[in-house]
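Chain residues, written in single-letter form:
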Amino acid sequence: EKLRDYPLKELIPPLAARIDLTFESNRDEAVILEGLLVASSMRTVYSVPQHRQYLRGGYPSEPFLGEAAARAIYRNCRIEALGGADRTQWTEEAIDKIIAIYKDRIPSAVSGWSKQGLIDKGNRGELVARILCTLAHDISILKNCSFVGRYINDRLSFSQMIPVINFLRALIAKDHIEAVLKARPSNMNGIALEEAFKGAVVHFTQFVKGGDKSTITDEGMYLLFLRAAAIHGYRTMDNTDLVIPVCLPCKDNPNRWCMTAIFIQVNIRVDIDAQKTFEFFTTPITKDHSERPYITIAMELEGLKPEQKKARQPKVQPMSEAIIHETRELQLSPPVAGPLDQVSSPTDVRQNKQKSPSRETHPRHEIFITGCSSQVYNVVGTESYSDLLAPKDMLAEHPRKGTYFDAIMQMKPYWKADSSYGWAEMENGSRLGANMIKHGKDLDDALRVSTQSTAPRISEKV
């Protein structure tokens, strides 16, 4: 009874293990909660500072733990969607109901805990990206399971390897996935993504922190692949935030020379040369896999206003790069037709770039996604990610809005149009919300006193 009734609290332990939640160290309730997870939910204490005000904990990358957490989430969503009956037949309709609960329940749970100050959001976009990828992983398994016609139970395995193509189909909206799969490498001439990754698989049930660049190598990916883990940067990796191991088809058992990866950038867009940036690839001992394709996904998740999400449908560039945009209200220029009359984004500076001969060995397939709604992501339901993505200022939690909030803004806790500039008078109009003085008004007195405020009013003189 030390904690109040948190929303969907039964999902805290499994989601903390799978998406690697870090709890706030400056909230007593969060510190108590983490202690309870250590006591009863297999969370591990890594360190306790000398002052003993909080602890530093997490979940080691244990495959059995990740599988157990995935099954716990599945069971919670299954019961919510279908009830507790164990003799419900596994049909496509039942699967769709479970998936709909996944899409709404998981972001709702994390958002609720974030609002109550329990979890450290850190990089907000990176947290959302981990949720999206975890949803794509689980939904891909649900969509492609072989249990149709049988009775539903909780013995579904989430540790199975997933084809890369199925993972991308689960992640990216149906309106755009075909264009993505037909995209060709951006750094050289090559085959389409769908062909390049035919037979390739991903294998991860949880995200773990990457401490340095040693993990971003084919050897590191191989070892993470064996433990069913993907990595996130935890503020330590440049140019990429998440890395998901990918195993290409190989003649024998998986090894480092058949490993590649999906590199995910959040709210940044820079070219990733896996070999030049990370020295990712080891020279193979045979000619097999001397050219290993890899995927980069740039997720621009933040910065869209609610009204912008209701604009026209997204535009896609399925040429050498796949570019997915959730449309914005303001377009800087009209859409430009590409060489094959395909629509490209006016905001992408490389929309009409010409391919030049490249010395790079490994084909890079680039995907750019702008926005965070069901227009561009197949794993987004009716629950919005806006609360998780919205930047928080010092007054975000103020309980009283309206005139009370306006009065606070008059004290200028931070400067913002229009509330911070209403005390000034500008003769030629104002961009910032200052009062406008009509032309010809007597301006002999530069200093004016407001009848509504004790603060002096200062106007421009011409």
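About the cut-offs
- Residues numbered from 1 in each chain as written.
- Predicted model: local features only at pLDDT ≥ 70, side-chain atom pairs only at ≥ 80, totals over all residues.
- Heavy atoms only, no water.
- Helix = DSSP H or I, 4+ residues; strand = E, 2+ residues; numbered from the N terminus.
- Buried < 20%, exposed > 50% of the residue type's maximum accessible area, 1.4 Å probe, protein only.
- Contact = heavy atoms within 4.5 Å.
- Areas by Shrake-Rupley, 256 points an atom, 1.4 Å probe, with all protein chains shown as cover.
- Axes fitted to C-alpha atoms, helices over the stretch in contact; angles between N-to-C directions.
- Left-handed = near helix turned anticlockwise from the far one by under 90°.
- Nonpolar A, V, L, I, M, F, W, Y, C, P; charged D, E, K, R; others polar.
- Expected span 1.5 Å × (residues − 1).
- Phe/Tyr/Trp six-rings, centres within 6.5 Å; stacked < 30°, edge-to-face > 60°.
- Salt bridge = Lys/Arg side-chain N within 4 Å of Asp/Glu carboxyl O.
- pLDDT = per-residue confidence, 0-100.
- Disulfide = S-S within 2.5 Å.
- Pairing = 2+ DSSP bridges.
- Right-handed = clockwise from strand over helix to strand, strands pointing away.

**Q** Would you explain the overall build of the protein in this entry?
**A** Along the protein, the regular secondary structure elements total twelve helices and 18 strands. Looking at the protein as a whole, 48% of its 462 residues are labelled buried. Pairs at least 24 residues apart make up 65% of the contacts formed inside the protein by residues separated by at least 6 positions. Summing over all exposed atoms, the protein offers an accessible surface of approximately 23,700 Å²; the carbon and sulfur share of this is 51%.

**Q** I keep staring at the packing of helix 5 (residues 124-143) against helix 6 (residues 164-171) and nothing clicks. Help me out?
**A** Two quantities define a packed helix pair, namely the angle between the axes and the distance from one axis to the other. Running from N to C, helix 5 and helix 6 point in directions that differ by 115°, and their axes come no closer than 8 Å. Remark: the crossing between helix 5 and helix 6 carries right-handed chirality. For the pair helix 5 and helix 6, contact is made by L132, C133, A136, H137, I139 and S140 and by N166, F167, A170 and L171, respectively. Partitioned by chemical class, the residues of the contact of helix 5 with helix 6 number seven nonpolar, three polar and no charged.

**Q** Honestly, the packing of helix 6 against helix 7 (residues 174-182) in this entry has me stumped. Any pointers?
**A** Two elements in contact, helix 6 and helix 7, have axes separated by 9 Å at closest approach and are oriented at 145°. Note that helix 6 runs across helix 7; the crossing there is right-handed. Across the interface between the two elements, I165, L168 and R169 of helix 6 pack against I177, E178 and L181 of helix 7. Here the residues of the contact of helix 6 with helix 7 are counted per class, giving four nonpolar, no polar and two charged.

**Q** Is there a simple way to explain unusual backbone geometry in this structure?
**A** Both trends apply: most residues other than glycine have a negative phi, and most peptide bonds are in trans. Of note in the backbone geometry, A228 takes a positive phi value of approximately 55° without being a glycine. Inspection of the secondary structure assignment puts A228 in the loop between helix 9 (218-226) and strand 6 (229-232). Residue E279 is not a glycine yet carries a positive backbone phi of 50°. With respect to the helices, strands and loops of the structure, E279 is situated in the loop between helix 10 (274-278) and strand 9 (294-300). Judged by its relative accessible area of 60%, E279 falls in the exposed class.

**Q** Help me understand helix 3 (residues 63-82), please; the structure alone is not making it clear to me.
**A** Along an α-helix, residues three or four positions apart point the same way, because every turn accommodates 3.6 residues. Taking 1.5 Å of rise per residue, 20 residues should cover 28 Å, and helix 3 covers 28 Å from first to last C-alpha, within 8% of that figure. Among the residues making up helix 3, those that are buried are L65, G66, E67, A69, A70, I73, Y74, N76, C77 and R78. On its buried side, helix 3 packs onto helix 1 (12-18), helix 4 (92-115), helix 5 and strand 5 (206-209). Two residues or fewer past helix 3, G83 is found with a positive phi of approximately 85°.

**Q** Is there a simple way to think about the packing of aromatic side chains in this case?
**A** Geometrically, a pair of aromatic rings is defined through the distance of the ring centres and the angle of the planes. Within this structure, the stated rule accounts for eight aromatic pairs. When the ring of F263 is compared with that of Y294, the centres are 5.8 Å apart and the planes differ by 80°; the resulting orientation is edge-to-face. You can see F263 sitting in strand 8 (residues 259-266) and its partner Y294 sitting in strand 9, a full 31 residues away along the chain. Residue classification places F263 among the buried residues on the basis of a relative accessible area of 0%. Residue Y294 is classed as buried on the basis of its relative accessible area of 1%. With centroids separated by 4.8 Å and ring planes inclined at 75°, the aromatic side chains of F280 and F281 adopt a geometry described as edge-to-face. Summarising the burial analysis for this pair, F280 and F281 share the class buried.

**Q** I tried to follow the environment of I172 on my own but got confused; where do I start?
**A** If you trace the backbone, I172 turns up in the loop between helix 6 and helix 7. For the pair I172 and V379, spaced 207 residues apart in sequence, the C-alpha to C-alpha distance is 7.5 Å.

**Q** What am I meant to see in the pattern of salt bridges here?
**A** Should the charged atoms of two oppositely charged side chains come close, the side chains can pair. Evaluated as defined, the whole model comprises 17 salt bridges. Across the pair E178 and R169 runs a salt bridge whose closest N-O atoms are separated by 2.8 Å. The salt bridge involving R169 is made with E194; its shortest N-O contact spans 3.9 Å. Of the two residues, R169 sits in helix 6 while E194 sits in helix 8 (residues 193-196), which places them 25 residues apart along the sequence. Connected through salt bridges with shared partners, the residues R169, E178, K182 and E194 form a single ionic network.

**Q** So what exactly am I meant to see when it comes to the confidence of the model for the protein here?
**A** The predicted coordinates should not be examined in detail at positions where pLDDT is low. For the protein, mean pLDDT is 77; residues scoring 70 or higher make up 74% of the total. Across residues 327-358 the pLDDT falls below 50, and counting only partners more than four positions away or on other chains, this stretch makes 64 contacts in the model. A low-confidence stretch, residues 440-462 stays under pLDDT 50, and its non-local contacts, those more than four residues away or across chains, total 40 contacts.

**Q** Would you mind showing me how to read helix 6 here?
**A** Extensive coverage of helix 6 is indicated by the burial of six of its eight residues. Residues V164, I165, F167, L168, A170 and L171 constitute the buried set of helix 6.

**Q** Explain the state of the cysteines here, please?
**A** Working definition of a disulfide: a covalent bond connecting the sulfur atoms of two cysteines. For the structure shown, the criterion picks out zero disulfides. The thiol of C247 is not disulfide-bonded; the next cysteine sulfur, from C258, is found 3.8 Å away.

**Q** What am I meant to see in the pairing of strand 5 here?
**A** Sheet faces and side chains relate simply in a regular strand, where the side chains alternate between the two faces. In this structure, strand 5 lies alongside strand 6, joined through four bridges in parallel fashion. Note on strand 6: the bridge partner recorded for V208 is I231. The β-α-β motif built from strand 5, the intervening helix 9 and the parallel element strand 6 has right-handed crossover chirality.

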